[in-house]
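Working through the structure, step by step
Here is what each chain is made of, one letter per residue.
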Amino acid sequence: MGGVALDDGGCRVKAPDGGWGWAVLFGCFIITGFSYAFPKAVSVFFKELIREFGVGYSDTAWISSILLAMLYGTGPLCSILVNRFGCRPVMLVGGLFASLGMILASFATSIIHIYLCIGVITGLGLALNFQPSLIMLNRYFSEKRPLANGLAAAGSPVALCCLSPLGQILQYEYGWRGGFLILGGILLNCCACGALMRPLLPPKMSETPGVENTPDDGDKKPKPKPKMLDFSVFRDRGFVIYTVAASIMVLGLFVPPVFVVSYAKELGNEDTKSALLLTILGFVDIFARPTCGIIAGLSWVRPRCVYLFSFAVLFNGITDLVGSLSKDYSSLVVFCIFFGISYGMVGALQFEVLMAVVGTEKFSSAIGLVLLFEAIAVLVGPPSAGRLLDFTKNYMYVFLLAGIEVVLSALVLAICNFLFIKKKPEAPEAAVEAGETKNHSCTPPIEEPHKTSGNSEKPKNSGDPRPESVAEDSTEVETFLKVKDGQKMNVTGSPESDL
C-alpha cells in the first residue's frame, strides 16, 4: 500500500533533496550501470557462444539487440506497473527476473534459448528496474536534481569499465555457463537497490496542533483512480518536440561506439590497442556526466537546460562529422576524448530535460512513452549503419550518417523550442485577460436586477436587499471566475459580490 500511496500522491510531497535521497541516488547509480553496460558486457561471451552453437556473429549480436529492445520498448508497460503498484515492488520483481534470465541461460542448449533467457527475461528485468529508479530519483530531488541525474548517469561508464573485464575473467576461469551463473547472482543486487526506494509519504496533518478531524474528514472522500498510462502528455508541445528530437538522436548516437573499434582495426591497429579506445571513451565519460550535472544545476543555466542539452547533442554530432576524417590511431584517440565529453553531457541531461518538460506528476508515463519511441530508433539505427558499411566498405560514411542524424536532432530541439515553447509563459497572462473580459461581460446581468428591482416584483422577504436570483447568479459567476482564471483570486471581496 505504501507504494501505491506514493504514486498517487508522491508528487504533492516536497522533495527532500538529500537525506534518504542519497541512498536512492546510490541505488539508481547501480541500476543505471547494469541497464546500459550489461548489453555490452555480454558481448564478451559471443566468441564462446559462436563456437558452442555453431552460429555466426550476426546471430549472437541479436542477444544485445533484443536486450536493448526490451529495455526501451517495455517503457509503457513499466509505466503502467509503476502507476499501479509503486516503484519498490516493481523493482524487486524486476531484479528477480534479471537474475533468473541469466541463471536459465547458463543451462541453454541452443541460441534461441539465449535469446529468450537473456534477451527477453533479463531485458525485461532490467527495464523494470531502470525506469522506476529514475522516477524515484525525480521524486527525491528537486533543487539538486541536475546533479543527481549526472551522478546517476555516471553509473553507465563505471559499470562498463568493471563488467567487461569481469566478464573476461569469468569466461577464462569458469566458461560461459559459469560466467552467466555468476552474473545472474550479481544481478540480484537489483533487488537490494529496489529495497532502497522507500516511498515518500506526506506528513500527517492530524498531528498539527489546533486541527482536529480535518484529515479524517478529507480521507473519507473517494480518491480518483490514477491513470495507468497518461497519454495527455502528447498535448504538451515540449514533450512532443523532445520525443521527436530524442528519436532522431538515438538513430545515430550509439553508432560510433559500436564501430570505432572496428574502424581502428581497419586502419591496421592491433586488437588490444583498438579496444583501448572504448576504455578512453568510458573514462572521459565518467567525469563528464557529473560535471555536466553541476553546470546544469547553476541558477542561470537551469531555466535554459533544454538549450544546454541541444548544445550537447550538437557537440556530439559535430564530433562524429569531424571524426569521420580520422586516418590514424592518434586522431581516433582525440575523437574518443571529445566523443566521451559530448556523450557524457547527453547522458547527464536527457532525463533531466524530460523531467523539466513534463513535471513530476506525469514523468512516470512520459518516460515510458519516450523509451518506446527510442526503442524503434535503436533497432533501426545501428543495423542501417551496418548496411551502409556493407555497401560502401568505408567507415567514413557511417560516421557521417551518424553525425548528420544527431545534428538534425539538435536543430529540431533548439529551433522548435525557440519558436513554440518560448511563448508558453505568456499563456497564463492571456488567460487572466480573457477571464477579466468575461468578468466584465458577466457583471451587467448581476447589476440589471438591482436597477429594475424597484419596478419589478419584490421578493417575499422585503428586509433582504438582494433577491434570491441575484445571489445565485453572483455565486455562479464567482465559481466560474475561480475555475476559469486558475489563480487564487479573492472573488468574495469584489464589488459585484458586495452588492
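1. Quick look at the overall build of the protein
- Of regular secondary structure, the protein possesses 20 helices and 0 strands.
- Residue burial in the protein is summarised as follows: out of 499 residues, 48% are buried.
- Contacts spanning at least 24 positions in sequence make up 86% of the contacts within the protein whose residues lie at least 6 apart.
- As displayed, the protein offers around 24,800 Å² of accessible surface, 64% of which is attributable to carbon and sulfur atoms.

2. Things to note about the nonpolar core
- Formed by 123 residues in total, the largest nonpolar core has its most connected members in Phe38, Ile63, Ile114, Phe180, Phe309 and Leu354.
- No other element matches helix α16 (residues 329–392), which puts 27 residues into this core.
- When sequence neighbours within four positions are dropped, the list of residues in contact with Ile63 reads Val42, Phe46, Leu49, Ile111, Ile114, Tyr115, Ile118 and Gly119.

3. With respect to helix α6 (residues 87–105)
- If you check α6, its first and last C-alpha atoms are 27 Å apart, about what 19 residues at 1.5 Å a residue would give, namely 27 Å.
- Buried within α6 we find Cys87, Val90, Met91, Gly94, Gly95, Ala98, Ser99, Gly101, Met102 and Ala105. Across the axial projection of α6, the buried residues extend over an arc of 160°, all falling on one side.

4. Thoughts on a nonpolar patch on the surface
- Residues Phe231, Phe234, Val240, Val244, Leu372 and Phe373 make up a contiguous nonpolar surface patch of roughly 490 Å² in combined accessible area.
- Mapped onto the elements of the fold, Leu372 is located in helix α16.
- Assessed through its relative accessible area of 33%, Leu372 is described here as partly exposed.

5. A word on the side chain of Ser106
- Secondary-structure assignment places Ser106 in the loop between α6 and α7 (111–140).
- Ser106 gets classed as buried once you look at its relative accessible area, which sits at 6%.
- With near-sequence residues (within four places) excluded, Ser106 lies in contact with Arg177, Phe180 and Leu181.

6. Structural notes on the side chain of Gln350
- Here Gln350 is to be found in helix α16.
- Residue classification places Gln350 among the buried positions, given a relative accessible area of 11%.
- Not counting chain neighbours up to four residues away, the residues in contact with Gln350 comprise Tyr36, Tyr242, Met249 and Phe309.

7. A word on the state of the cysteines
- The tally for this structure, following the rule as stated, stands at 0 disulfides.
- For the unlinked cysteine Cys28, the closest cysteine sulfur is that of Cys193, found at 9.3 Å.
- According to the relative accessible area criterion, Cys28 is buried, its value standing at 0%.

8. Comments concerning the pattern of salt bridges
- Applying the stated criterion to the full structure yields 4 salt bridges.
- Between Glu352 and Arg145 there is a salt bridge; the shortest N-O distance is 3.1 Å. With Glu352 in helix α16 and Arg145 in helix α8 (residues 145–153), the pair connects residues that are 207 residues apart, well separated along the chain.
- The exposure class of Glu352 is buried, given its relative accessible area of 1%.
- Two residues, Arg289 and Asp285, come together in a salt bridge whose shortest N-O distance is 2.7 Å. Taken together, the residues Arg289 and Asp285, both in helix α14 (residues 271–296) and 4 residues apart, mark about one turn of the helix. You'll find Arg289 and Asp285 in the same group, each marked buried.

9. Side note on the packing of aromatic side chains
- Tallied over the full model, the rule gives 17 aromatic pairs.
- Between Phe283 and Phe287, the ring centres sit 5.1 Å apart and the planes meet at 70°, which makes this aromatic pair edge-to-face. Here Phe283 and its partner Phe287 are both found in helix α14, 4 residues apart, which amounts to about one turn of the helix. With respect to class, Phe283 is no different from Phe287; both count as exposed.
- The interplanar angle of 75° and the centroid separation of 6.4 Å between the aromatic rings of Phe315 and Phe338 together place this pair among those described as edge-to-face. Of the two residues, Phe315 is situated in helix α15 (residues 305–323) and Phe338 in helix α16; the sequence distance between them amounts to 23 residues.
- According to the relative accessible area criterion, Phe338 is partly exposed, its value standing at 39%.

10. Section: α7
- The end-to-end C-alpha distance of α7, which contains 30 residues, comes to 42 Å, matching closely the 44 Å that a straight helix rising 1.5 Å per residue would cover.
- Of all the bends in α7, the greatest, near 25°, is centred on Gly123.
- Counting buried residues along α7, 25 of its 30 residues qualify, which places the element largely inside the surrounding structure.

11. Details of the packing of α6 against α7
- For the pair α6 and α7, the least separation of the axes is 7 Å and the interaxial angle reads 155°. In terms of their interaxial angle, α6 and α7 are classed as roughly antiparallel. Crossing handedness for the pair α6 and α7: left-handed.
- Its residues assigned to classes, the contact of α6 with α7 shows 18 nonpolar, 7 polar and 1 charged.

12. Considerations on the confidence of the model for the protein
- Within the protein, residue pLDDT values average 76, and 76% of them lie at 70 or more.
- Here helix α1 (residues 2–9) is the element of the protein with the lowest mean pLDDT, 36, and α6 is the one with the highest, 92.
- The low-confidence segment residues 423–477, where pLDDT is below 50, has 25 contacts with residues more than four positions distant or belonging to other chains.
- Here residues 479–499 is a poorly scored stretch, pLDDT under 50, and it has 21 contacts once near neighbours within four places are set aside; other chains count.

13. Here's the deal with the environment of Ala61
- Among the secondary structure elements, Ala61 is positioned in helix α4 (residues 57–73).
- The sequence separation of Ala61 and Pro39 amounts to 22 residues, and the corresponding C-alpha distance is 9.9 Å.

14. Thoughts on the environment of Thr109
- Take Thr109: it is sitting in the loop between α6 and α7.
- A polar atom in the side chain of Thr109 sits 3.1 Å from the side chain of His113.

So, how was this worked out
- Residue positions are counted from 1 within each chain, in the order its sequence is given.
- Per-residue local features of the predicted model are confined to residues with pLDDT of at least 70, and side-chain atom pairs are confined, for both listing and counting, to 80 or more; whole-chain, interface and lining totals are unaffected and use all residues.
- To get the side-chain values, take all heavy atoms of the structure and skip hydrogens and water.
- For helices the rule is a DSSP run of H or I covering at least 4 residues; for strands it is a run of E covering at least 2, with both sets numbered from the N terminus onward.
- Only protein chains enter the calculation, and the probe is 1.4 Å; a residue is then buried if its accessible area is under 20% of its type maximum, exposed if over 50%, and partly exposed in between.
- Residue contacts are counted whenever heavy atoms from the two residues lie within 4.5 Å of one another.
- In this description, accessible areas are obtained by the Shrake-Rupley approach with a 1.4 Å probe, and a residue is regarded as covered only by the protein chains that are shown.
- The definition of a nonpolar core used throughout is a set of buried Ala, Val, Leu, Ile, Met, Phe, Trp, Tyr and Cys residues joined through side-chain atoms within 4.5 Å.
- Multiplying 1.5 Å by the helix residue count minus one yields the expected span of that helix.
- Directions from the helix axis toward the C-beta atoms define the arc.
- Patches here: salt-bridge-free residues with over 30% relative accessible area, like charges joined within 9 Å, nonpolar side chains (Val, Leu, Ile, Met, Phe, Trp, Tyr) joined within 5 Å.
- In what follows, salt bridge is the name for a side-chain nitrogen of Lys or Arg lying within 4 Å of a carboxyl oxygen of Asp or Glu.
- Cysteine sulfur atoms that pair up within 2.5 Å are treated as a disulfide.
- Stacked, tilted and edge-to-face are the three classes assigned to paired rings of Phe, Tyr and Trp, where Trp is represented by its six-membered ring and a pair needs centres within 6.5 Å; plane angles under 30 degrees give stacked, over 60 edge-to-face, the rest tilted.
- Bend is the name given here to the angle between axes fitted to two runs of seven residues, the run ending at a residue and the run starting at it.
- Every angle, taken between N-to-C directions, lies between 0 and 180 degrees, and every axis is a line fitted to C-alpha atoms, over only the stretch in contact when it is a helix.
- Any angle between 65 and 115 degrees counts as roughly perpendicular, while under 35 counts as roughly parallel, over 145 as roughly antiparallel, and the rest as oblique.
- Handedness of each helix crossing follows the sense of rotation of the near helix against the far helix: counterclockwise by less than a right angle gives left-handed, clockwise gives right-handed.
- Gly falls in the polar group here, along with every residue not listed as nonpolar (Ala, Val, Leu, Ile, Met, Phe, Trp, Tyr, Cys, Pro) or charged (Asp, Glu, Lys, Arg).
- Each residue gets a pLDDT score, which is the predictor's confidence in that residue and runs from 0 to 100.
- The term polar contact refers here to a pair of N or O atoms within 3.5 Å; inside protein, the definition further demands a hydrogen-donor-capable atom paired with an acceptor-capable atom, and it admits residues adjacent in sequence only when both atoms are side-chain atoms.

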